[in-house]
Amino acid sequence: MSTFGTEHPLDDVAAYAVGALDEVEARIVEAHLAVCGFCQFELAAHRDALARLTPDEPAPPALWARIVASLPADAGPAPRPAADTRSAPPPGDTARPAPPAAGRPPTLRRLPPPGPAERRPGEDGEPLERDRREDDRTRPPGGGPAHLAGGPRQRQRPLGRVLQAAAALVVVAGLAVGATLALTGDDDDGGGDVAQPPATEPVPPVQQLAQAALDDPTSLAVLAGEDQQPLARLVTGDTGAFVVLDDLPPLPAGRAYQLWSVDEAAPVSLGVLGNGERTWVAVTVPESTGTVAISEAPATGEVAPTGPIVASGAVQPA
Amino acid sequence: MRPGTRTSPVRPDAHGRPTDQRSATERRIRRGHGPGCARLGVGRIRLCRKWPGVSDLSDGSDDHALVSAVLRRDQGALGEIYRRYGGAVWSLSRRVCRDAGLAEEVCQTVFAELWSRPDRFDPSRGRLRPWLLTQAHARAVDAVRSEEARRRRHEREAQLSPPAAVEFESSVQASAIADDVRRAVDQLHPDERDVIQLAYFGGHSYRQTAALLGAPEGTVKSRIRAGLEHLRRALGNEEVTP
């Protein structure tokens, strides 16, 4: 054991910096660090050097999607402001807690703030090993390995019943993203008992509802590609809001189109639209939405677009 | 595309463009985005070619501003932090874990926790990249230890991994390493390189490192310190000490 007492335990600080001390030794060093600015400086400088020594390597492409899928399930409030009666609620939506009636798009991505910051002693920013160990026991939901196909939110959905109701539901993903539900089956206009829809009655396909919206639109956005060629439309009518993927090619497995509102300082997800095989997709769009854009994303969706804008356009009142 | 799944009345023509096989209303709307259509005001279409916010973040925002944005639940900021440091977090996790699945789990935890508790990063105590790497290192060591413990239960035999000095050479010679860092590493005494490799990139405790190298434990600690101090001097980031 090296120098403790009047001198600075510099050997131990160095060993601590590379994470080579055992738990007891680490605690002793942490106790010293808490009261010694010199050793704090040494530690920070060691860690800076180690950080520069660590190479940057391309992470696996699926890693970001996995991280997004692991974000706490409560991270994405329902996409539809309570006051918005324009957009038809997708089946299964009632399984979710009512969204805060903030009535503006930012709520889509303003996730609930992290829990009360119960600061533990010595924790103010300094990543002490003891704290890290404690955190192991308090990992956020979904902190464990998450399979892209079955994130936390997806498991919570009464998928069985919804499917039984012949609603071809593309549940979606951008698990932490607010608007994560894209419905390619049917819709129950007006928010009836969507959790237990009549299984016998044939429900009108989403296409019919979309068609009705197109026949008498409230608003329409034509999303054009780079060459101004129209590729998709977002239409709102009495039957709900729908994206029509007119001219977007189907994507390979594991990929999907994702709809964004780009009115804010950063894109706000409005949901995943599937891989393009289904051209009619019910979506939920806040009334105040101005400009929308479509990106290509992992099938689970993402919190922030990583791909380029595929198509974009402004919502115009019809 | 599966046959029959595209139920749109918009049938693609030979060139894959949609044709006008749809209702009159729809055709009217469809025509709406052509030039000169006043009804839908399509002439005023505002196209968006750059993601708002994202470019700003990637252009200039410093790490502190990004963490503040995460604190405000800005997901774009988390994405930008991942874009900046995800590669380093991955590279360190992969080296310590020596297992891609375990390493992905570590990376996932590091960023999910940054999202859940961004307040744990204190910019007055150091920079974001070292902080994230410290988190990743601790997680990776924990993951490896529990994995080893699990294996030990099965095999009834603790096996220390063989020294991975060669990997250190290759890791610091990777193209991702800046020239000045490579030069700094070259200036280290081989003994110092070995202990940093084994302890930091190998995830071994100083006791394990000492056993692997056949060196006294105290010596290993001193070498770690000497190696880091030499590294800092060589990297030129030795600042005024208090």
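Along each chain, residues carry numbers from 1 onward, in the same order as the chain's sequence is written. Numbering of ligands from 1 and lettering of chains from A proceed in the order in which they are written. Under the rules for a predicted model, residues below a pLDDT of 70 receive no local features and side-chain atom pairs below 80 are neither given nor counted, while totals for whole chains, interfaces and linings still include all residues. As a convention, hydrogens and water are excluded, and side-chain values are obtained from all of the structure's heavy atoms.

Explain the overall build of chain A to me, and be specific about the residues and the numbers.
Helical segments are the DSSP runs of H or I of at least four residues, strand segments are the runs of E of at least two, and each set is numbered from the N terminus. Of the regular secondary structure elements, chain A holds 8 helices and 10 strands. Put simply, chain A has 318 residues, and 60% of those count as buried. For this analysis, residues touch if any pair of their heavy atoms sits within 4.5 Å. Considering only residue pairs separated by 6 or more positions, chain A has 63% of its internal contacts joining residues 24 or more positions apart. For chain A, the accessible area works out to roughly 11700 Å², and carbon and sulfur atoms hold 56% of it. Each residue's exposure class comes from its accessible area (1.4 Å probe, protein chains only) as a fraction of the maximum for that residue type: buried when under 20%, exposed when over 50%, partly exposed otherwise. Every accessible area reported is derived by Shrake-Rupley at a probe size of 1.4 Å, with residue values counting cover from the shown protein chains alone.

How would you summarise the pattern of salt bridges if you had to cite specific residues and measurements?
Salt bridges, as used here, are contacts in which a Lys or Arg side-chain nitrogen is within 4 Å of a carboxyl oxygen on Asp or Glu. Across all of its chains, the model carries 21 salt bridges over all chains by this definition. Across the salt bridge formed by B:R129 and A:D56, the nearest N and O atoms sit 3.2 Å from each other. Pair noted here: B:R129 is in helix 6 (residues 128–155) and A:D56 is in the loop between helix 3 (37–53) and helix 4 (63–70), and the two residues belong to different chains. For A:D56, a relative accessible area of 32% gives the class partly exposed. The closest approach of N and O atoms between B:R84 and B:D63, which form a salt bridge, is 2.9 Å.

Quick rundown of the environment of A:L259? Include the residues and the values.
Residue and element names in this part refer to chain A. Relative to the assigned elements, L259 resides in strand 6 (residues 255–261). L259 sits 24 residues away from V283 along the chain, and the two C-alpha atoms are 8.9 Å apart. Other than its neighbours up to four places away in sequence, L259 contacts L223, V243, V268, S269, L270, G271, L273, V283, V285, V292, A293 and I294.

Residues and numbers for unusual backbone geometry, please.
All names here are of chain B. Even without glycine at this site, R73 takes up a positive phi of about 65 degrees. Mapped onto the secondary structure, R73 falls in the loop between helix 3 (63–71) and helix 4 (75–97). Residue classification places R73 among the buried positions, given a relative accessible area of 5%.

Hey, could you go over helix 4 of chain A for me, with residue numbers and the actual values?
For helix 4 of chain A, the tally of buried residues reaches 8 of 8 residues, placing the bulk of the element in the interior. The set of residues buried in helix 4 of chain A consists of A:L63, A:W64, A:A65, A:R66, A:I67, A:V68, A:A69 and A:S70.

Report on the packing of helix 4 of chain B against helix 5 (residues 100–116) of chain B, specifying residues and quantitative values.
Residue and element names in this part refer to chain B. Axis geometry follows a simple rule: fit a line to the C-alpha atoms, using only the stretch in contact for helices, then measure angles between N-to-C directions, giving values from 0 to 180 degrees. Two numbers describe how helix 4 lies on helix 5: the axes approach to 9 Å, and their chain directions differ by 145 degrees. Two packed elements cross with a definite hand, and for helix 4 against helix 5 that hand is right-handed. Between helix 4 and helix 5, the residues in contact are Q75, L78, I81, Y82, Y85, G86, V89, W90, S93, R94 and C97 and A100, L102, A103, E104, V106, C107, V110, F111, L114 and W115, respectively. Take the far helix as the reference: if the near one is turned anticlockwise from it by less than a right angle, the crossing is left-handed, and if turned clockwise, right-handed.

An account of the side chain of B:R129 is requested, with residue identities and associated values reported.
Residue B:R129 is classed as buried on the basis of its relative accessible area of 16%. Counted as a polar contact is a pair of N or O atoms within 3.5 Å, where, for protein atoms, one must be capable of donating a hydrogen and the other of accepting one, and residues adjacent in sequence contribute only when both atoms are in side chains. Among the polar contacts made by the side chain of B:R129, one reaches the main-chain carbonyl oxygen of A:A51 at a distance of 3.0 Å. Of note is the side chain of B:R129, whose polar atom sits 3.2 Å from the side chain of A:D56. In this structure B:R129 touches A:A51, A:T54, A:D56, B:Y85 and B:A88, once residues within four positions along its chain are discounted.

So what's going on with the confidence of the model for chain A? Residues and values would help.
A residue's pLDDT is simply how confident the predictor is in it, with values from 0 to 100. With 57% of its residues at a pLDDT of 70 or more, chain A shows a mean pLDDT of 67. Scored below 50 in pLDDT, residues 74–199 of chain A makes 291 contacts in the model with residues more than four places away or belonging to other chains.

Tell me about the confidence of the model for chain B, and name the residues and values.
Residue and element names in this part refer to chain B. The predicted model of chain B has a mean per-residue pLDDT of 74, with 63% of residues at 70 or higher. The secondary structure element of chain B with the lowest average pLDDT is helix 1 (residues 24–32), at 40, and the one with the highest is helix 5, at 95. Across residues 1–13, confidence stays below pLDDT 50; counting only partners more than four residues off in sequence or on other chains, it has 39 contacts. In this model residues 55–59 is a low-confidence stretch, pLDDT under 50, and it forms 10 contacts with partners more than four residues away in sequence or in other chains. Taken over the whole predicted complex, pTM reads 0.50, whereas the ipTM for its chain interfaces reads 0.70.

Help me get a handle on helix 10 (residues 206–213) of chain B, residues and values and all.
Residues B:Y206, B:T209 and B:A210 constitute the buried set of helix 10 of chain B. Relative to the axis of helix 10 of chain B, the buried residues are bounded by an arc of 100 degrees and lie together on one face. Against helix 2 (23–33) of chain A together with helix 9 (190–201) and helix 11 (217–235) of chain B lie the buried residues of helix 10 of chain B. Here the arc refers to the set of directions running from the helix axis out to each C-beta atom.

Can you break down the state of the cysteines residue by residue, with the values?
Cysteine sulfur atoms that pair up within 2.5 Å are treated as a disulfide. Taken as a whole and assessed by the stated rule, the structure comprises 0 disulfides over all chains. In this structure A:C39 is a free cysteine whose sulfur lies 3.7 Å from that of A:C36, the closest cysteine sulfur available. Note on B:C97: no disulfide assigned, nearest cysteine sulfur contributed by B:C107 at a separation of 8.1 Å. You can call B:C97 buried: its relative accessible area is 7%.

Tell me about the nonpolar core, and please be specific about residues and values.
Only buried Ala, Val, Leu, Ile, Met, Phe, Trp, Tyr and Cys residues count toward a nonpolar core, and they belong to the same one when joined by side-chain atoms within 4.5 Å. Ranked by size, the top nonpolar core spans 77 residues in total, and within it B:I81 and B:L132 carry the most contacts. Ranked by residues supplied to this core, first place goes to helix 4 of chain B with 11 residues. Counting residues in hydrophobic clusters, the runner-up holds 20 residues, among them A:L223, A:A232, A:L273 and A:V285.

Just give me the short version of the packing of aromatic side chains, but keep the residues and values in it.
All names here are of chain B. Stacked, edge-to-face and tilted are the three classes for Phe, Tyr and Trp ring pairs, Trp counted by its six-membered ring, which pair at centre distances within 6.5 Å; planes under 30 degrees apart are stacked, over 60 edge-to-face, the rest tilted. The tally for this structure, following the rule as stated, stands at 4 aromatic pairs over all chains. An angle of 70 degrees between the planes, with centres 5.2 Å apart, marks the rings of Y82 and F111 as edge-to-face. Taken together, the residues span a long stretch of sequence, with Y82 in helix 4 and F111 in helix 5 at a distance of 29 residues. Overall, the relative accessible area of 0% leaves F111 in the buried class. Their ring planes at 65 degrees and their centres at 5.5 Å tell us that F121 and W131 sit as a pair that is edge-to-face. You can see F121 sitting in the loop between helix 5 and helix 6 and its partner W131 sitting in helix 6, a full 10 residues away along the chain.

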